[in-house]
Amino acid sequence: GIYTGPTPFDLAPAPGITNPVVTAEHVTDVSAAYVADPFMLRNERGWTLFFEVMNSVTGKGDIGYATSEDGTSWSYGGIALTEPFPLSYPYVFESDGEFFMMPETYQTDSIRLYRAVEFPHHWILDRVLIEGQTLVDPSPFRHAGNWWMFAATGKPPFFADTLRLFAADSLVGPWCEHPKSPI
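Residues numbered from 1 in each chain as written. Predicted model: local features only at pLDDT ≥ 70, side-chain atom pairs only at ≥ 80, totals over all residues. Heavy atoms only, no water.

Examining the environment of Thr67
Then, number 1: Within the secondary structure, Thr67 sits in strand 5 (residues 61-68).
Then, number 2: In this structure the C-alpha to C-alpha distance between Thr67 and Phe150, which are 83 residues apart in sequence, comes to 27 Å. (Helix = DSSP H or I, 4+ residues; strand = E, 2+ residues; numbered from the N terminus.)

Take a look at the structure:
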């Protein structure tokens, strides 16, 4: 949903908007059980919203997208990324003029970095950043010239009971766990 307000602590539904702005009923290219994990970003073309689409035929998550010129009226665009394994939590960001996505891929025991070939609808695997670890909801960010990434880990059914911090000199790595992790 789209909410507005004077501060992050005083939000309300935006006037004239029906929330949620994108639902499973908006998805037209696959049979969707639900949509989840929205990530929105703005660029010169307007707003783009990426989200998990739970495909009710395959039983796995794909990544869909919708666009808006004004942030209030949304058009579903399609499935932007699908893999043989489930995808969720499509963390999308821009770096050095390119768009990247780091979705959750914990079933592969890896963190994968995808790069937009044609934003927002065509993505390719750029590289695997971390292998051999079950990590949930990777969230990268840049601070003071370095790359940082929070990711959760744990044992089923509590996959996210420990928050870990990783660091790298560049987006493409190598990534290593920060010595003060877990948090």
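Some thoughts on unusual backbone geometry
Then, number 1: For the bond from Phe119 to Pro120, the omega torsion is 5°, close enough to zero to count as cis.
Then, number 2: Tracing the backbone through its elements, the reader meets Pro120 in the loop between strand 9 (110-118) and strand 10 (122-131).
Then, number 3: Cis peptide bonds are those with omega within 30 degrees of zero, and the linkage from Gly173 to Pro174 qualifies with 10°.
Then, number 4: Within the element layout of this structure, Pro174 appears in the loop between strand 13 (162-168) and strand 14 (176-177).
Then, number 5: The phi dihedral of Asp37 falls on the positive side, at around 55°, and the residue is not glycine.
Then, number 6: In this fold, Asp37 is placed in strand 3 (residues 32-43).
Then, number 7: Positioned with a positive phi, Asp96 is a non-glycine residue whose angle comes to about 50°.
Then, number 8: With respect to the helices and strands, Asp96 occurs in the loop between strand 7 (88-95) and strand 8 (98-104).
Then, number 9: A residue is classified by how much of its surface remains accessible, and Asp96, at 74% relative accessible area, is exposed. (Buried < 20%, exposed > 50% of the residue type's maximum accessible area, 1.4 Å probe, protein only.)

Just distances and angles here, no functional claims.
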